[in-house]
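Fold and geometry: a report
What follows is each chain in one-letter form.
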Amino acid sequence: MKTTILKPALMVAVFGFAIFSAFAFKTTKSDAELAVFQGHIQVTPGNCESKEVDCQDVNNGRPCLFGVTQLRKINSGGTACPELLWEIDQ
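Report follows, based on the coordinates. Computed from a predicted structure; not experimentally measured. Sequence order as written defines residue numbering, which begins from 1 separately in each chain. Reporting of local features is limited, given that this is a predicted model, to residues whose pLDDT is at least 70; pairs of side-chain atoms are given and counted only at 80 or more, and all residues count toward the totals for whole chains, interfaces and linings. In computing side-chain values, all of the structure's heavy atoms are included and hydrogens and water are not.

Section: the nonpolar core
- To qualify as a nonpolar core, a set must consist of buried Ala, Val, Leu, Ile, Met, Phe, Trp, Tyr and Cys residues joined through side-chain atoms within 4.5 Å. Type-normalised accessible area, obtained with a 1.4 Å probe on protein chains alone, sets the label of each residue: buried when under 20%, exposed when over 50%, and partly exposed for intermediate values. Counting 5 residues, the largest nonpolar core consists of I41, C55, C64, L71 and L85.
- The contact rule is simple, with two residues in contact once any of their heavy atoms fall within 4.5 Å. Setting aside chain neighbours within four positions, we find C64 in contact with V53, D54, C55, T69, Q70, L71, L85, W86 and E87.

What follows is the structure in structure tokens.
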């Protein structure tokens, strides 16, 4: 009687532990990789126009676009937008 109950219970426990471990020890992205930036288009050097598109600054090979133009990250002074932005990873 004990064997009949313990075998399925042990199998369920092992399976549950395997599922838990798969998610508990999954690596996460660092905070720097999770930063979201508002995209800008460089109209002229030193003049950037804001677009309502969220992007990331980590290059994942998929450019963040507004139409056909790749969006850029504005600098801290708000005077230029030298860095390219990329689509947010889902």
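What to know about the side chain of K51
- Position of K51 among the secondary structure elements: in strand β2 (residues 47–55).
- Ignoring sequence-local partners within four residues, the contact set of K51 consists of Q38, G39, H40, I41, F66 and L71. Helix and strand definitions follow DSSP, with helices as H or I runs of at least four residues and strands as E runs of at least two, each counted in order from the N terminus.

So, the pattern of salt bridges
- The term salt bridge refers to a side-chain nitrogen of Lys or Arg lying within 4 Å of a carboxyl oxygen of Asp or Glu. Overall, the coordinates contain 3 salt bridges when judged by the stated rule.
- Its salt-bridge partner being E87, residue R62 comes within 3.2 Å of it at the nearest N-O pair. Separated by 25 residues along the polypeptide, R62 in the loop between β2 and β3 (65–66) and E87 in the segment after β6 (83–84) bring together distant segments of the chain.
- The exposure class assigned to R62 is partly exposed, which follows from its relative accessible area of 35%.
- You can call E87 partly exposed: its relative accessible area is 36%.

Comments concerning the state of the cysteines
- Two cysteine sulfurs form what is called a disulfide whenever their separation falls within 2.5 Å. Across all of its chains, the model carries 2 disulfides by this definition.
- Two residues, C48 and C81, share a disulfide whose sulfurs are 2.1 Å apart. Disulfide C48 to C81: torsion about the S-S bond roughly -95 degrees, handedness left-handed. Of this pair, C48 sits in strand β2 while C81 is found in the loop between β5 (72–73) and β6, placing the two residues 33 residues apart along the sequence.

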